[in-house]
Amino acid sequence: MPGGRREAPPLQGAAAATMPAFRQVGEKQLPQEIIFMAWSPKRDLIALANKVGEVLLHRLANFQRVWSLPPSETTGKEVTALAWRPDGKILAFGLADTKRVILCDVEKPESLHSFSVDAPITYMHWMEVTEESSVLASCFNAEDESNLLLPKLPALPKNFSATAKIFSEEKSDEIMKLMGDVRLNALVLGSNSGFIEIYAYGMYKIATVTGVAGSCLALCLSSDLKSLSVITKVEVSPESEPEITYFQFDTSLLSTYLPEVTRMARKFTHISTLLQYIKLSLTCMCEAWEEILMQMDSRLTKFVQEKNTTTSVQDEFMQLLLWGKASLELQGLLMSQLTVKGLKKLGQSMESSYSSIQKLVISHLQSGSEALLYHLSELKGMALWKQKYESLGLDVTGIEEAITAVGSFILKANELLQVIDSSMKNFKAFFRWLYVAMLRMSEDHVPPELNKMTQKDITFVADFLTEHFNEAPELYNRKGKYFNVERVGQYLKDEDDDLVSPPNTEGNQWFNFLQNGSHLKESPLLFPYYPQKSLHFVKRRMEGIIDQCLQKPADVIGKSVHQAVCVPLYKASRSEDPTPHLFKLPFLWNDKTSNLHYVLFTMLENSISKIYILRRHTDISRSANNGILAIDFVSFANNNINESSGVSFYSCLDAHFYDDETITVVLSENSKQEGKERILAQLPLSSVYTKETQELEFTWNSGQRLDEQVDDIPTCTISIESQWRVLENMKAQYVAVNGIRKVSCVLSSNLRHVRVFEMDVEDDGEAEEEEEDEAAQHAGAELNQSVDNSDDSICAGAAQQAGETEEHEVSLDA
């Protein structure tokens, strides 16, 4: 009947009789307003984020706090999205102020991995692929092979591990922990500026979808990878209210090449983690290099500036070496400024610092670079299999460039080892000679073992003085010093691309051979060598080339994603409070068994907030019957809660999918009187999608928004009997549920008062439950006397109330 509402007959809750009522297991008043809630998929844990930017983890029992991660300047203070990895071991959250995404370990509040994004994230969803595949098993075998062939990466030094939890433990399988199962899982991020990014294993970007209209409110990538559902808020014009719109994007390239995408993603994740490992190892090396090592340079520069003679510093030291006599000025420098004690300390610092850096280069930098070379070579092999990998954007030439860049980095690390080696030898001989000379000046006893100095030793020190003690006025203009005796620091400092004193390549036969042989210069078999550049420069160049090479597939896959469906749903009112939208409908759900996308949203009609269920098949080419249905909730059971009012209608405040068969809703009685009842109820989909409703099909008019066609949408009137519970003394507004663990958490409209329920209670617990209900009501009445009167205002003394609540918990959980 066009233009009129088509209704299915009211459905009594026949299916409901099997489900007992829910049992309250915890209640709390929290000191800060909660803006996000998300249950762990596998454990009785709920993650919360509050307005001050704190991320909290609570247990189901007594709503006990497990840990909290306070906001910080470095990570950020404005949490805007939250998602669990499907295995429940890692929690991801997005921060708007720093534009970062943090992956946090569920065991302890530590960041395992973090990365930056271009715009603040407004929603995140972490999905897992359901399809098992024999090819995926072969991926895992290939990885086992790399574990056999490559040495384990040594853990980073303990004192540095605070910033690099992923590499700190004495096990190198942290990367495997981050990647989880062999099956592909992907973190999908939606932003407020029209792009969506997909990160494989939450670590490496495999797709960038651009050109999405509006700011993302919700998204869901189907577990068969065929399509991506997105809900955005589109600003049509500055004057009019924004439109809430549903999009479905075709991501069939990912589903067609699932094994290839999985293998490529795992390789990318290994490579990006190794880059991070190399970067952190280099930071450790910079920390091992101490400022005291610059003392020699600065003292000598001061000496040049203050001395009155025209003799150069080099000649002064040469005279001391040859004749054993020093000028008065040099004596002053050595005895009063450098001192015997100071020289000893400098020598010890140099030795310990250089040997630490040497160890880090050999054990960390070299093993990390070799592993990087191995994985890039494997990636090159994959790229050459064009039939499988070309359409995903793997580019052989880009990977070859990356391999060459890693080779150059390994060469530069080896050069640093040679510089450290020669510096240690030179300084040892120089300090030993200078120590003896200073002891003689102060007429102290010289130990006989130090007194022996051969002609060879004298020549060695003379060569060192000739090479390192030349005054360089141009260096003073650049660095504020005349000398560069210490040669290791220049490789590690990030401020300079060019080395102050590059290694001397004169007389190096291999170097000369390469310079003179023109055909060898351009050979792809030889890694280019940058004698003038620092280690940091070569590392940055390597990172840039690898990032570029790994970025290409994300662009190619992103461009293959195209919009298949666009449905403008309704206009959003501007007067809404600015609470972050995770609590606000619409809500998206992917039914993995039936391969359906569900959208839950509410539209106001005759002052009743009705719930609407939109469903679409994940395969774009297929359609789902009952594309959209509206649901009317009428009074519960025969004895109405409010008997005098006859039939009561209920507005839907919040709705979430509990599992594939059930929706959990929070309802409010639609009466004009004060103290409206709030109700938590379960809505089985079997009572919505029945034979009667199957005949009611809605004809879409693509030229209109859905709220303009509201009268034509088939409506199903539901009266549920036993699957509900009145939420006494609580202005309930939002709900978070988990059907796997059979739990729900209800939050009040003031965002501070939570109640936790077990949804599926065994029958033998009913008597116990009644007693508990009485205790809970009694405690709830006391607890809420002062709370719900001011439910919409900010609670004064919230911490005190939280304390009171803790006292009541004993009776709540009796």
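Bear in mind the structure is a predicted one, so any value in this text is a computation, not a measurement.

K.L.:
Please explain the overall build of the protein as it appears in this structure.
P.N.:
For the protein, the helix and strand inventory stands at 21 helices and 30 strands. Considering only intrachain contacts with a sequence separation of at least 6, the fraction spanning at least 24 residues in the protein is 66%. As presented, the protein carries roughly 35600 Å² of accessible surface, and 50% of it is formed by carbon and sulfur atoms.

K.L.:
How should helix α9 (residues 340-384) be read in this particular structure?
P.N.:
Side chains three or four residues apart in an α-helix point the same way, a direct result of the helix having 3.6 residues per turn. Taking 1.5 Å of rise per residue, the 45 residues of α9 would be expected to cover 66 Å, and the 64 Å separating its terminal C-alpha atoms lies within 8% of that figure. Maximum bend of α9: about 35 degrees, positioned at valine 361.

K.L.:
Would you take a moment to explain the side chain of arginine 85 for this structure?
P.N.:
Topologically, arginine 85 is positioned in the loop between β7 (79-84) and β8 (90-95). Judged by relative accessible area, which is 1%, arginine 85 ranks as buried. Separated by 2.7 Å, the side chains of arginine 85 and aspartate 87 make a polar contact.

K.L.:
I would appreciate a short explanation of helix α11 (residues 396-441) in the present structure.
P.N.:
Here α11 spans 66 Å end to end across 46 residues, near enough to the 68 Å set by a 1.5 Å rise per residue. Two residues or fewer after α11 comes glutamate 443, characterised by a positive phi angle close to 55 degrees.

K.L.:
What exactly am I supposed to notice about the pairing of strand β25 (residues 678-684) here?
P.N.:
Regular strands place side chains that alternate from one sheet face to the opposite one. Counting buried residues in β25 gives seven out of seven residues, a clear majority hidden from the surface. Side chains Arg678, Leu680, Gln682 and Pro684 of β25 all project onto a buried face; the interleaved residues Ile679, Ala681 and Leu683 project onto the opposite face, where all are buried too. Note that strand β24 (residues 662-669) and β25 share seven bridges and pair antiparallel. Bridge pairing links serine 668 to arginine 678 in β25. In this sheet, strand β27 (residues 724-726) lies alongside β25 in antiparallel orientation, the contact comprising three bridges. The residue bridging alanine 681 from the neighbouring strand is tryptophan 724, located in β27.

K.L.:
What is the right way to look at the sheet that holds strand β12 (residues 185-191) in this model?
P.N.:
Strand-to-strand pairing in sheets goes through backbone hydrogen bonds, with the strands running parallel or antiparallel. The sheet built from four strands is open, its strands ordered β11-β12-β13-β14 with antiparallel pairing. Across the chains shown, the open sheet's two edge strands, defined by having one partner strand only, are β11 (121-128) and β14 (204-210). Along the sheet, successive strands turn relative to each other by an average axial angle of 20 degrees, direction set aside. Two strands pair when backbone bridges link them, and β12 and strand β13 (residues 195-200) are joined in this way by five bridges, in the antiparallel orientation. The residue bridging valine 188 from the neighbouring strand is isoleucine 198, located in β13.

K.L.:
Whenever I open this one, the packing of aromatic side chains confuses me. Can you help?
P.N.:
Throughout the structure, instances matching the rule amount to 16 aromatic pairs. With a centroid separation of 5.8 Å and an interplanar angle of 45 degrees, the aromatic rings of tryptophan 510 and phenylalanine 513 are classed as tilted. In this pair, tryptophan 510 and phenylalanine 513 are both assigned in helix α16 (residues 509-516), three residues apart and thus about one turn of the helix distant. Centre to centre, the rings of tyrosine 598 and tyrosine 689 are 6.5 Å apart; their planes meet at 50 degrees, and the pair counts as tilted. Of this pair, tyrosine 598 sits in strand β20 (residues 596-605) while tyrosine 689 sits in the loop between β25 and α19 (691-694); the two residues are 91 residues apart in sequence, bridging distant segments of the chain. Assigned by exposure class, tyrosine 598 and tyrosine 689 land together as buried. What links up through ring pairs into an aromatic cluster is the set Phe317, Phe427, Phe430, Phe431, Trp433 and Phe464.

K.L.:
Teacher, can you tell me more about empty space enclosed by the protein here?
P.N.:
If a probe the size of a water molecule is rolled over the atoms, the empty space left behind becomes visible. Here the structure, examined in full by the defined rule, presents four cavities of 30 Å³ or more. In terms of lining, the second largest cavity is formed by Met296, Arg299, Leu300, Phe317, Leu333, Leu334 and Leu338. Sorting the residues of the lining of the second largest cavity by element identifies α6 (295-306) and α8 (328-338) as the ones contributing at least two each. In terms of residue class, the lining of the second largest cavity is made up of six nonpolar, no polar and one charged.

K.L.:
Would you mind showing me how to read the pattern of salt bridges here?
P.N.:
As enumerated under the stated definition, the model contains 20 salt bridges in all. Between arginine 23 and glutamate 758 there is a salt bridge, and its shortest N-O distance comes to 2.7 Å. In this pair, arginine 23 sits in strand β2 (residues 23-29) while glutamate 758 sits in strand β30 (residues 753-758), placing the two residues 735 residues apart along the sequence. A relative accessible area of 19% means that arginine 23 is categorised as buried. Ionic pairing is found between arginine 183 and glutamate 128, a salt bridge with its closest N-O pair at 3.7 Å. With a gap of 55 residues between them, arginine 183 in the loop between α3 (174-179) and β12 and glutamate 128 in strand β11 connect regions that are remote in the sequence. Taken together, the shared-partner salt bridges in this structure form one network comprising Glu243, Arg705, Asp707 and Glu708.

The rules behind these values
Here the residue numbers are simple positions, counted from 1 along each chain's written sequence. Confidence filtering applies because this is a predicted model: local features only for residues at pLDDT of at least 70, side-chain atom pairs given and counted only at 80 or more, and all residues used for totals across whole chains, interfaces and linings. Side-chain measures here rest on the full set of heavy atoms in the structure, leaving out hydrogens and waters. What counts as a helix is a DSSP run of H or I of at least four residues, what counts as a strand is a run of E of at least two, and both are numbered from the N terminus. Residues are treated as being in contact if the distance between any of their heavy atoms lies within 4.5 Å. The Shrake-Rupley method, run with a 1.4 Å probe, gives the accessible areas here. Residue values count only the displayed protein chains as cover. Expected span of a helix, by definition, is 1.5 Å for each gap between consecutive residues, and there is one gap fewer than residues. The bend at a residue is defined as the angle formed between two axes, one fitted to the seven residues ending at that residue and one fitted to the seven starting there. Whether a residue is buried, partly exposed or exposed follows from its accessible area with a 1.4 Å probe, protein chains only, as a fraction of its type maximum: under 20%, in between, or over 50%, in that order. N or O atoms closer than or at 3.5 Å make up a polar contact, with two conditions inside protein: a donor-capable atom paired with an acceptor-capable one, and, for residues adjacent in sequence, both atoms drawn from side chains. Two strands are counted as paired when DSSP detects at least two bridges linking them. Angles shown run from 0 to 180 degrees and are taken between the N-to-C directions of axes, each axis being a line fitted to C-alpha atoms and, for helices, limited to the stretch in contact. Here a pair means two rings of Phe, Tyr or Trp (six-membered ring of Trp) with centres within 6.5 Å. Their orientation is stacked below 30 degrees between planes, edge-to-face above 60, and tilted elsewhere. Points on a 1 Å grid over protein atoms alone make up a cavity when a 1.4 Å probe fits among them but cannot get out, and a pocket when they form an open set with protein on both sides within 12 Å along at least five of seven lines; lining residues each have an atom within 4 Å of a point. Grid points are joined across faces, edges and corners, and a volume is the space filled by probe spheres set on the points. Note on residue classes: Ala, Val, Leu, Ile, Met, Phe, Trp, Tyr, Cys and Pro are nonpolar, Asp, Glu, Lys and Arg are charged, and everything else, Gly too, is polar. Here a salt bridge means any side-chain nitrogen of Lys or Arg lying within 4 Å of a carboxyl oxygen belonging to Asp or Glu.

In short, geometric facts, not functional conclusions.
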